[in-house]
Structure formats: structure tokens, C-alpha cells
Amino acid sequence: QGCPIECCWWLDEASVQFRIAGRVLVATARTTDPVLRAAVDDVWGRLGDSTRRQMFWASPGAPSGEGDAEVPRADDEIS
């Protein structure tokens, strides 16, 4: 179940690259499956404020400030 995916990122200061390959099942704030929705809420609640803000950054190439949105706090219900 799920689609194949590979994630890759580079840590410049350590000169280290990480790759994770597997299958993905996307769960969002609109997910209706109760198990997946609980996982979404749990992960969102454990993210720090600065990490949650990154989820609302403008798309690459968009002018700065475009797409800015109020970021829900950890204790807010996301929808």
C-alpha cells in the first residue's frame, strides 16, 4: 500500500547525505481515518513552533510574504 518514495537531504556542516526509501501513505489534517488522524495530531503537537512555521512558507520562487498564513499552535486543532 502507498506509493514508492525516496527522500534525500544534505547536512552541509557535517558533509553528510541521508537517503530514506520506502512507500508513503499521506495523512493530513483532512484525513478521516481515525488512526492516521491521531498520528497527524501527535506529530503536529510534537513539532516546535519554528518547524510548524516552515510548513506555511511560500512555494519556492514565490515572492516573499506570498502565501503567508497564521500558523496553528500545537494545542490548536488543525483542519
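Source: prediction; values computed, not measured.

Draft legend 1. View of helix α1 (residues 34-46). Relative to the 18 Å expected for 13 residues at 1.5 Å per residue, α1 spans 18 Å between its end C-alpha atoms, a close match to the ideal helical length. Residues of α1 that are buried: Arg-37, Val-40 and Trp-44. An end-on view of α1 places all buried positions within 55 degrees of arc, on one side of the element. Turned more than 90 degrees from where α1 packs its buried face, Val-35 and Arg-46 sit exposed. Looking at the buried positions of α1, the neighbouring elements they touch are α2 (49-54). Sitting at the head of α1, Asp-33 places a side-chain oxygen 2.9 Å from the backbone nitrogen of Val-35.

Draft legend 2. Examining the packing of aromatic side chains more closely. Taken as a whole and judged by the stated rule, the model has two aromatic pairs. The ring of Trp-44 is capped by Arg-52, whose NZ or CZ atom sits 5.9 Å from the centre of that ring.

Draft legend 3. Highlighting the confidence of the model for the protein. When pLDDT is averaged along the protein, the result is 84; 81% of the residues meet or exceed 70. Within the protein, no element has a lower average pLDDT than α2, which sits at 88, and none a higher one than strand β2 (residues 16-24), at 94.

Draft legend 4. Just the pairing of strand β1 (residues 3-11), in detail. Relative to β2, β1 runs antiparallel, the two being bridged by nine bridges. Within the sheet, the bridge partner assigned to Cys-8 lies in β2 and is Arg-19. Counted between consecutive antiparallel strands, the loop separating β1 from β2 contains four residues, among which Ser-15 sits at a positive phi close to 55 degrees.

Draft legend 5. Quick peek at the environment of Ala-39. Within the secondary structure, Ala-39 is located in helix α1. On the basis of relative accessibility, which here comes to 39%, the residue Ala-39 falls in the partly exposed class. Spatially, the C-alpha atom of Ala-39 lies 8.2 Å from that of Ala-27, the residues being 12 residues apart in sequence.

Draft legend 6. Molecular detail of the side chain of Thr-31. With respect to the helices and strands, the residue Thr-31 is situated in the loop between β2 and α1. Within the local environment of Thr-31, its side chain forms a polar contact with the backbone nitrogen of Thr-28, the two atoms lying 2.6 Å apart. Leaving out residues up to four positions away in the same chain, Thr-31 has contacts with Val-26, Leu-36 and Arg-37.

Draft legend 7. Region of interest: a nonpolar patch on the surface. Taken together, the side chains of Trp-9, Leu-11, Phe-18 and Ile-20 define a hydrophobic patch exposed on the protein surface, amounting to about 370 Å² of accessible area. Residue assignment for the nonpolar patch shows that the elements contributing at least two residues are β1 and β2. Among the secondary structure elements, Trp-9 is positioned in strand β1.

Each value, and the rule that gives it
Residues numbered from 1 in each chain as written. Predicted model: local features only at pLDDT ≥ 70, side-chain atom pairs only at ≥ 80, totals over all residues. Heavy atoms only, no water. Helix = DSSP H or I, 4+ residues; strand = E, 2+ residues; numbered from the N terminus. Expected span 1.5 Å × (residues − 1). Buried < 20%, exposed > 50% of the residue type's maximum accessible area, 1.4 Å probe, protein only. Arc of directions from axis to C-beta. Contact = heavy atoms within 4.5 Å. Polar contact = N/O pair within 3.5 Å; in protein donor to acceptor, adjacent residues only side chain to side chain. Phe/Tyr/Trp six-rings, centres within 6.5 Å; stacked < 30°, edge-to-face > 60°. Lys NZ or Arg CZ within 6 Å of the ring centre and 35° of its normal. pLDDT = per-residue confidence, 0-100. Pairing = 2+ DSSP bridges. Patch = residues over 30% accessible without salt bridge, like charges linked within 9 Å, V, L, I, M, F, W, Y side chains within 5 Å. Areas by Shrake-Rupley, 256 points an atom, 1.4 Å probe, with all protein chains shown as cover. Salt bridge = Lys/Arg side-chain N within 4 Å of Asp/Glu carboxyl O.

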